[in-house]
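The residues making up each chain are set out below.
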Amino acid sequence: MCWEEDESLVAGCLTMPSIFSYQSAEVDWCENNFERSAVIAEYYNTISNVSFFVLSPALLYLNRQYCQKKALPLYFVSGLLLLVGVFSMYFHMTLSYVGQLLDELSILWTLAVAYSFWYPQAYFPKCIKTRRHFFWLTGITTVISTLMSFIKPTLNAYALNCIAFHLLYMTWKELKKCNDKRVHRMAAVMVMWWVLAITSWISDRWLCWLWQAINFPYFHSFWHVLIAMSLLYCCPLVIYFDVSYEMPSFKPKLEYWPSDSWPVVVPYVTLEEPHKQC
């Protein structure tokens, strides 16, 4: 608390940066600050988050048949992906400490919810017997991770990106049991988008001096678009396996929008009619 009697303490308190103030974050990306706008710190890193506003409704619309049968998971995850876009936009607009944590924690909680709903029961730890118990395990782990994220915020993004390796491992295990060539193709395209995305992220983080030298410091904005593209393939893939595990009366079928003949397509899952009971 600042007392009027202590002028030096007053001065110190007045100059102390607010956690909401511009550029109070511990992370600053490669793009030059306030170059395109007086109120937006990283212009292209901010507007590139529009990709998440397209991603969420696209997932809901294309996979609407799945939503009709099992609405909560995809609605919940799509809503959180919208929040990821909002908070990432806020962070790159202000580069504030609060913005950084909101950006990173929204990603953490989106992953936690996706794991809670879609992680196959066949891979549950032996001590976990039901989905409800797994919800508790995931929730407690995420709360602990949330508290730990305040210790060294600069490491949060690296930790979150490491989760992708577990997702890739799980995908590989499921593909070994799947003979559908369309599913294998979708997984390969998903990995391609992810490799491009993570390459852009690492390049912006570690090779900023190079991109600054050639006046092209925009690879983090590419990361936003490319990771959204990867998720556009990842979510239908997860839904496909979820239907196989959790909805045995239906058979998942992979379709492409707008049609199979197009060179660039967006995958989605439909459900074949329930098997007739004898």
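Residues numbered from 1 in each chain as written. Predicted model: local features only at pLDDT ≥ 70, side-chain atom pairs only at ≥ 80, totals over all residues. Heavy atoms only, no water.

Considering the packing of aromatic side chains
Taken as a whole and judged by the stated rule, the model has 21 aromatic pairs. Considering the side-chain rings of Tyr119 and Phe134, the 5.4 Å spacing of their centres and the 10° angle between planes classify their relative orientation as stacked. Of this pair, Tyr119 sits in the loop between helix 6 (97-118) and helix 7 (131-148) while Phe134 is found in helix 7, placing the two residues 15 residues apart along the sequence. Taken together, Tyr43, Tyr44, Trp211, Phe216, Tyr218, Phe219 and Phe222 form an aromatic cluster joined through their ring pairs. The ring centre of Tyr61 lies 4.3 Å from the NZ or CZ of Arg64, which sits over that ring. Over the ring of Trp29 we find Arg205, and its NZ or CZ is 4.4 Å from the ring centre. (Phe/Tyr/Trp six-rings, centres within 6.5 Å; stacked < 30°, edge-to-face > 60°. Helix = DSSP H or I, 4+ residues; strand = E, 2+ residues; numbered from the N terminus. Lys NZ or Arg CZ within 6 Å of the ring centre and 35° of its normal.)

Observations regarding a nonpolar patch on the surface
Side chains of Leu155, Tyr158, Ile202, Trp206, Leu207 and Trp209 sit close together on the surface and give an oily, nonpolar patch of about 630 Å² of accessible area. With respect to the helices and strands, Leu207 occurs in the loop between helix 9 (181-206) and helix 10 (208-213). (Patch = residues over 30% accessible without salt bridge, like charges linked within 9 Å, V, L, I, M, F, W, Y side chains within 5 Å. Areas by Shrake-Rupley, 256 points an atom, 1.4 Å probe, with all protein chains shown as cover. Salt bridge = Lys/Arg side-chain N within 4 Å of Asp/Glu carboxyl O.)

Section: empty space enclosed by the protein
Inspection of every chain in the model, using the stated rule, returns 1 cavity of 30 Å³ or more. Each pocket or cavity is described by its volume, and for the largest cavity that value is around 1,100 Å³. In this structure, the largest cavity is lined by 48 residues; those nearest its centre are Leu111, Ala164, Leu167, Leu231 and Cys234. Breaking the lining of the largest cavity down by element, the ones donating at least two residues are helix 5 (71-94), helix 6, helix 8 (156-175), helix 9 and helix 11 (219-246). (1 Å grid on protein atoms, 1.4 Å probe; cavity = no way out; pocket = protein on both sides within 12 Å on 5 of 7 lines; lining within 4 Å. Points joined across faces, edges and corners; volume = space filled by probe spheres on them.)

Observations regarding the state of the cysteines
A full pass over the atoms with the stated rule returns 1 disulfide. A sulfur-sulfur distance of 2.2 Å marks the disulfide that ties Cys30 to Cys208. One disulfide, between Cys30 and Cys208, carries an S-S torsion of 90° and so falls in the right-handed class. On the criterion of sequence distance, the pair formed by Cys30 in the loop between helix 1 (7-15) and helix 2 (43-47) and Cys208 in helix 10 is long-range, its members being 178 residues apart. No disulfide involves Cys234; its sulfur sits 5.5 Å from that of Cys235, the nearest cysteine. Owing to a relative accessible area of 18%, Cys234 belongs among the buried residues under this scheme. (Disulfide = S-S within 2.5 Å. Buried < 20%, exposed > 50% of the residue type's maximum accessible area, 1.4 Å probe, protein only.)

Comments concerning the confidence of the model for the protein chain
In this model, the protein chain carries an average pLDDT of 91, and 92% of its residues clear a pLDDT of 70 or more. Counting contacts from residues 1-16, a segment whose pLDDT is below 50, to residues more than four positions away or on other chains yields 6 contacts. (pLDDT = per-residue confidence, 0-100. Contact = heavy atoms within 4.5 Å.)

Quick word on the nonpolar core
Core analysis: the biggest nonpolar cluster contains 56 residues, and Trp118 and Val183 have the highest contact counts within it. For this core, the element with the most residues is helix 11, which contributes 13 residues. Formed by 7 residues, the second largest nonpolar core is a distinct cluster that contains Tyr115, Tyr119, Phe124 and Phe134. (Core = buried A, V, L, I, M, F, W, Y, C linked by side-chain atoms within 4.5 Å.)

Looking at unusual backbone geometry
Residue Trp257 is joined to Pro258 through a cis peptide bond whose omega torsion reads 5°. Note on placement: Pro258 falls in the loop between strand 1 (252-257) and strand 2 (266-271). In the Ramachandran plot, Gln23 falls in the positive-phi region, its phi being about 60° despite a non-glycine side chain. Residue placement: Gln23 occurs in the loop between helix 1 and helix 2.

Concerning the pattern of salt bridges
Should their charged atoms come close, side chains of opposite charge can pair. According to the stated counting rule, one finds 5 salt bridges in the structure shown. Its salt-bridge partner being Asp242, residue Lys70 comes within 3.0 Å of it at the nearest N-O pair. Separated by 172 residues along the polypeptide, Lys70 in the loop between helix 4 (64-69) and helix 5 and Asp242 in helix 11 bring together distant segments of the chain. By relative accessible area, Lys70 is classed as partly exposed at 22%.

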